[in-house]
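Per-entry structural report
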Amino acid sequence: MIEMAEVKEAGDGVRIDMISGERMQGLASMEKIRMILDGVRDGNIVILEQGLSPDEESKLIEVTMSEINPEDFNGIEIETYPRSQTDDSSFLDRLMGRESTSKLTVIGPANQIETLHKDENLISALVSRR
Amino acid sequence: MGLFKGLKQSITRVTDRLFADEDQKRIGIYGPPNAGKTTLANRIARDWTGDAIGPESQVPHETRRARRKENVEIKRNGNSVTIDIVDTPGVATKVDYEEFLDYDLEEDEAIRRSREATEGVAEAMHWLREDVEGVIYVLDSTNDPFTQVNTMLIGIIESRDLPVLIFANKIDLDESSVQRIENAFPQHETVPLSALEGDNMDEVYTKIAEYFG
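This report concerns the structure included in the present document. Every chain is numbered on its own, with residues counted from 1 as its sequence reads. As a convention, the first chain written is A and the first ligand written is 1, with the rest following in written order. Reporting of local features is limited, given that this is a predicted model, to residues whose pLDDT is at least 70; pairs of side-chain atoms are given and counted only at 80 or more, and all residues count toward the totals for whole chains, interfaces and linings.

Residues and elements named next belong to chain A. Here, any two strands with at least 2 DSSP bridges between them count as paired. Helix numbers and strand numbers start at the N terminus; a helix is a DSSP run of H or I with at least 4 residues, a strand a run of E with at least 2. In spatial order, the strands read 1-2-4-3; together these four strands make up an open sheet with mixed pairing. Each having just a single partner strand, strand 1 (16–19) and strand 3 (76–81) make up the two edges of the open sheet. With direction set aside, neighbouring strand axes in the sheet form an average angle of 15°. Relative to strand 2 (residues 45–48), strand 1 is paired through four bridges, and the arrangement is parallel. Across the sheet, the residue bridging to aspartate 17 is valine 46, located in strand 2. Our contact criterion uses C-beta atoms placed from the backbone: two residues qualify when those atoms are within 7 Å. Only the stretch in contact is used when fitting a helix axis, every axis being a line fitted to C-alpha atoms; angles between N-to-C directions are given from 0 to 180 degrees. Strands in contact with helix 2 (residues 29–41) are strand 1, strand 2, strand 3 and strand 4 (104–109); relative to strand 4, the strand with the most contacts, it is inclined by about 45°.

On to the environment of arginine 64 of chain B, then. Residue and element names in this part refer to chain B. Relative to the helices and strands, arginine 64 resides in the loop between helix 2 (37–49) and strand 2 (67–76). Separated by 146 residues in the primary sequence, arginine 64 and glutamate 210 place their C-alpha atoms 30 Å from one another. Ignoring sequence-local partners within four residues, the contact set of arginine 64 consists of Pro89, Glu116, Ala117, Glu119 and Gly120.

Here the focus is the interface of chain A and chain B. Chain A puts 25 residues into the contact, and the matching count from chain B is 24 residues. If you list the elements that add at least two residues to the side of chain A that touches chain B, you get helix 3 (54–67), strand 3 and helix 4 (91–95) of chain A. Element by element, the count of residues in the side of chain A that touches chain B is highest for helix 3 of chain A, at nine residues. All amino acids are sorted into three groups, where Ala, Val, Leu, Ile, Met, Phe, Trp, Tyr, Cys and Pro are nonpolar, Asp, Glu, Lys and Arg are charged, and the leftover types, Gly among them, are polar. In the side of chain A that touches chain B, the residues fall into nine nonpolar, eight polar and eight charged.

Another aspect to go through is the pairing of strand 5 (residues 164–169) of chain B. All names here are of chain B. Labels follow a simple rule on C-beta atoms placed from the backbone: if 20 or more others lie within 10 Å of a residue's own, it is buried; if 12 or fewer, it is exposed; otherwise it is partly exposed. By the criterion of burial, strand 5 is predominantly enclosed, with six of the six residues buried. Judged by which residues are buried, strand 5 turns out to be covered on both faces: Val164, Ile166 and Ala168 on one side and Leu165, Phe167 and Asn169 on the other are all buried. In terms of strand pairing, strand 4 (residues 134–140) meets strand 5 through six bridges, oriented parallel. Residue pairing for strand 5: aspartate 140 is matched across the bridge by asparagine 169. This β-α-β element, strand 4 to helix 5 (residues 148–159) to strand 5, shows right-handed connectivity. Here three bridges tie strand 5 to strand 6 (residues 190–192), and the two strands are oriented parallel to one another. Within strand 6, the position partnered with isoleucine 166 by the bridge is threonine 190. Whether a crossover is right-handed depends on one test, that the path from the first strand over the helix to the second runs clockwise when the strands point away from the viewer. Crossover strand 5 to strand 6 through helix 6 (residues 178–184) is right-handed.

Turning next to the nonpolar core. Generally speaking, soluble globular proteins have nonpolar side chains that are buried together. Nonpolar cores are built from buried Ala, Val, Leu, Ile, Met, Phe, Trp, Tyr and Cys residues. These are joined into a set through C-beta atoms within 7 Å. Among the nonpolar cores identified, the biggest contains 65 residues, and Ile85, Val121, Tyr137, Ile166 and Phe167 of chain B are the most heavily contacted of them. The contact partners of isoleucine 85 of chain B, leaving out residues within four places of it in the chain, are Ile27, Ile29, Ala41, Ile44, Ala45, Ile53, Arg68, Lys69 and Val72 of chain B.

Turning next to the sheet that holds strand 4 of chain B. Residue and element names in this part refer to chain B. Strand order in the open sheet made by the six strands is 2-3-1-4-5-6, with mixed pairing throughout. Because the sheet does not close on itself, it has two edges, and the strands there are strand 2 and strand 6. Taken pair by pair, the neighbouring strands of this sheet meet at an average axis angle of 30°, ignoring direction. As paired strands, strand 2 and strand 3 (residues 79–87) are joined by eight bridges and run antiparallel to one another. Within the sheet, the bridge partner assigned to valine 72 lies in strand 3 and is isoleucine 83.

Everything listed here is a matter of geometry and, on its own, says nothing about what the molecule does.
Structure (structure tokens):
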């Protein structure tokens, strides 16, 4: 079972989890998605050092959609940079799992992030407390 | 004997599958909500088959189920290409039922619509991973194309090696900027059009035949 380290109750604050590429590397796709969505549904901001592969991003959208409900979850905000490098890698690279997915990724609950702006080298998030 | 027969049947099945759909590709129409995907799908379907695909509307997430129109034969320059068009729900990472209340929907109806919308987006992602062989990516050219949903979807399409054409829709509107879309996705061909007014549809059909024929 994948769990984040135990931390004190956040209270009125906003918790930010910065997850290293090394920690993500050992996880299966669905474990990564579960870890992200569990964090975001708890109201946390999740920052991934190395991001997700395009296929994992596609599954993240799909699973997010299946969990949206009017009572307590209306989805995620997500920003990444730099852009995915997939178009630079060859088909063989991707087949062999050598795809470059290194992109800083910020994910948070849509109802708490008022602005999530991105330019070439800055991601800016304004997060409201629960 | 049985082994050879079985092997032969297996090879026949594989080759049948490889070549069966060679002439008829399933083309998914993707993009964010309100880009004009259904308006485009309807125009293509009406121009070449006489029928529409689905209802159009100003309310986001009007299309909440993927809809397929089979055997759309497009004739260009003496050749013809036949495609299946799949009109998909607009992709988003969030759906808030309260946004529908701005369009004079009752709360119950807004909640139902948002639930169907989320199912539709999940369905669209599934189609993209499993069931389409080419993509028409539709953008509203009056909006900023540098959004995370667009970047992620184009990345997903590229990672699957699917042929993709980007359509810069709504060029009939004053605020339209095709250049902004070309700058956002320089690695792909961008075709300007107005699906509503039927502007530049000749080039649209020529490019569809060229890319997906």
